[in-house]
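# An overview of the molecular structure
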Amino acid sequence: MTGCMKKRTILLLLLLSLVAAFSACGRRAKLLDPSSLRGMSLEQLQTMREQIQSRHADGSSLSAVEAANVAVLRAQERRLENAWIFGEWRERHGARLIFRDDGTVNVGARAGAYDELGIYKYLPAEQPSYESLWELIYDESGDPLVLVGTDDGYLVYPFHGSRSEVYECSGDLLEVTPTGCYFVKINH
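This write-up is about the structure you can find in this document. Computed from a predicted model, the values in this text were never measured in an experiment.

This paragraph deals with the sheet that holds strand β2 (residues 96–99). Pairing within the closed barrel is antiparallel, and its 8 strands lie in the order β1-β2-β3-β6-β7-β8-β9-β10. Between one strand axis and the next, the sheet turns through 30° on average, direction left out of account. By the bridge criterion, 4 bridges tie strand β1 (residues 87–91) to strand β10 (residues 176–186) in an arrangement that is antiparallel. Opposite Arg 90, over in β10, you have Val 184 as the bridge partner.

Laid out in structure tokens, this is it:
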């Protein structure tokens, strides 16, 4: 083997090892995009979560990306376990909510708001609809609560015993204030 061939062979081996190293990096855990989970079954999500957790059966801790992925998968599992929430909910004055299975929600336009006495008053300009994310958690009695992010906190929908109607509140988990809005599930 000539000196030039040796250099080429060494260069080729070095290049192959770099390619192998970069492809191994590509197999590392990537942060899951919640929209990529749309349409997946509950069983598929559970399998994905269990695969991540089984890599640490020896007691080693999950990486930050793996822990975030487990949280995203578990949040999607909770949504699918409560699939009755998906779809359109309508308020008697026309406001609507559309909960989607990927954790997004459309909060419809509102023409008015309720005052402290429960009287609906029309606003001078309609509040436009917006897109947000929703998260499902459970209260201390095991009932589902839906949190919808807003610019100044959350809209909270406590589903206590009913799967077809809910009163809206604003605030956070420590302190909520009823908004006066009463939503009913629209069956298509």
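The nonpolar side chains of a soluble globular protein tend to be buried, and buried together. Phe 99, Trp 134, Val 146, Val 148, Tyr 157 and Phe 183 are the most contacted members of the largest nonpolar core, which has 20 residues in total. Put simply, the parts of the chain that give this core at least two residues each are β2, β3 (104–107), β6 (130–138), β7 (144–150), β8 (153–158) and β10. In this structure Phe 99 touches Ile 85, Phe 86, Gly 87, Trp 89, Thr 104, Val 105, Trp 134, Val 146, Val 148 and Tyr 157, once residues within four positions along its chain are discounted. Residues Leu 45, Val 70, Val 72 and Leu 73 belong to the second largest nonpolar core, which totals 6 residues.

This brings us to the environment of Arg 92. Tracing the sequence through the fold places Arg 92 in the loop between β1 and β2. The spatial distance from the C-alpha of Arg 92 to the C-alpha of Phe 183 is 7.3 Å, given a sequence separation of 91 residues. Those residues in contact with Arg 92 that lie beyond four places of it in its chain are Tyr 114, Gly 180 and Tyr 182. Polar contacts involving the side chain of Arg 92 include one to the side chain of Tyr 114, which spans 3.2 Å.

Right, let's talk about the pairing of strand β5 (residues 120–127) for a bit. In terms of strand pairing, strand β4 (residues 110–114) meets β5 through 4 bridges, oriented antiparallel. Among the inter-strand pairings, Gly 112 is bridged to a residue of β5, identified as Tyr 122. Hairpin connection from β4 to β5: 5 residues lie between these consecutive antiparallel strands, with Gly 118 at a positive phi of about 85°.

All right, on to the packing of helix α2 (residues 42–54) against helix α3 (residues 64–81) then. Interaxial distance between α2 and α3 falls to 9 Å at its minimum, and their mutual angle equals 155°. It follows that α2 is roughly antiparallel to α3 by the angle criterion. Two packed elements cross with a definite hand, and for α2 against α3 that hand is left-handed. Together, Leu 42, Leu 45, Gln 46, Met 48, Arg 49, Ile 52 and Gln 53 of α2 and Glu 66, Asn 69, Val 70, Leu 73, Arg 74, Gln 76, Glu 77, Leu 80 and Glu 81 of α3 make up the contact between the two elements.

The next subject is the pattern of salt bridges. Applying the stated criterion across every chain, the model contains 10 salt bridges. Note that Glu 77 is salt-bridged to Arg 49, the shortest N-O span being 2.7 Å. Placement of the pair is Glu 77 in helix α3 and Arg 49 in helix α2, with a sequence separation of 28 residues. Note on Glu 77: relative accessible area 1%, which makes it buried. Lys 121 serves as the salt-bridge partner of Asp 115, at 3.3 Å between the closest nitrogen and oxygen. Linked by salt bridges that have partners in common, Arg 49, Arg 74, Glu 77 and Glu 81 make up one network.

So, on to the side chain of His 56. With respect to the helices, strands and loops of the structure, His 56 is situated in the loop between α2 and α3. When its relative accessible area of 16% is taken as the criterion, His 56 is described as buried. Within the local environment of His 56, its side chain forms a polar contact with the side chain of Glu 66, the two groups lying 2.7 Å apart. The contact partners of His 56, leaving out residues within four places of it in the chain, are Ser 61, Leu 62 and Glu 66.

Cut-offs and rules
- Going along each chain's sequence as written, the residues are numbered from 1 onward.
- Local features in this predicted model are restricted to residues of pLDDT 70 or higher, and side-chain atom pairs are both shown and tallied only at a pLDDT of 80 or more, whereas totals for entire chains, interfaces and linings draw on every residue.
- As a rule here, side-chain values come from all non-hydrogen atoms in the structure, and water together with hydrogens is ignored.
- In this description, strands pair whenever DSSP reports at least two bridges between them.
- Secondary structure follows DSSP: runs of H or I at least 4 residues long count as helices, runs of E at least 2 residues long count as strands, and numbering of each begins at the N terminus.
- Angular values range over 0 to 180 degrees, each being the angle between N-to-C directions of two axes fitted as lines to C-alpha atoms, with helices fitted over their stretch in contact.
- As used here, the term nonpolar core means buried Ala, Val, Leu, Ile, Met, Phe, Trp, Tyr and Cys residues forming a set that is joined through side-chain atoms within 4.5 Å.
- Using a 1.4 Å probe on the protein chains alone, a residue whose accessible area is under 20% of its type maximum counts as buried, one over 50% counts as exposed, and one in between counts as partly exposed.
- Should any heavy atoms of two residues lie within 4.5 Å, those residues are counted as being in contact.
- In protein, a polar contact means a hydrogen-donor-capable atom and an acceptor-capable atom, both N or O and within 3.5 Å, with residues adjacent in sequence counting only if both atoms are side-chain atoms; elsewhere, any N or O pair within 3.5 Å suffices.
- Just so you know how the angles are binned, under 35 degrees is roughly parallel, over 145 roughly antiparallel, 65 to 115 roughly perpendicular, and the rest oblique.
- A crossing counts as left-handed when the near helix is turned anticlockwise from the far one by less than a right angle, and as right-handed when that turn is clockwise.
- What makes a salt bridge here is a side-chain nitrogen of Lys or Arg within 4 Å of a carboxyl oxygen of Asp or Glu, nothing more.

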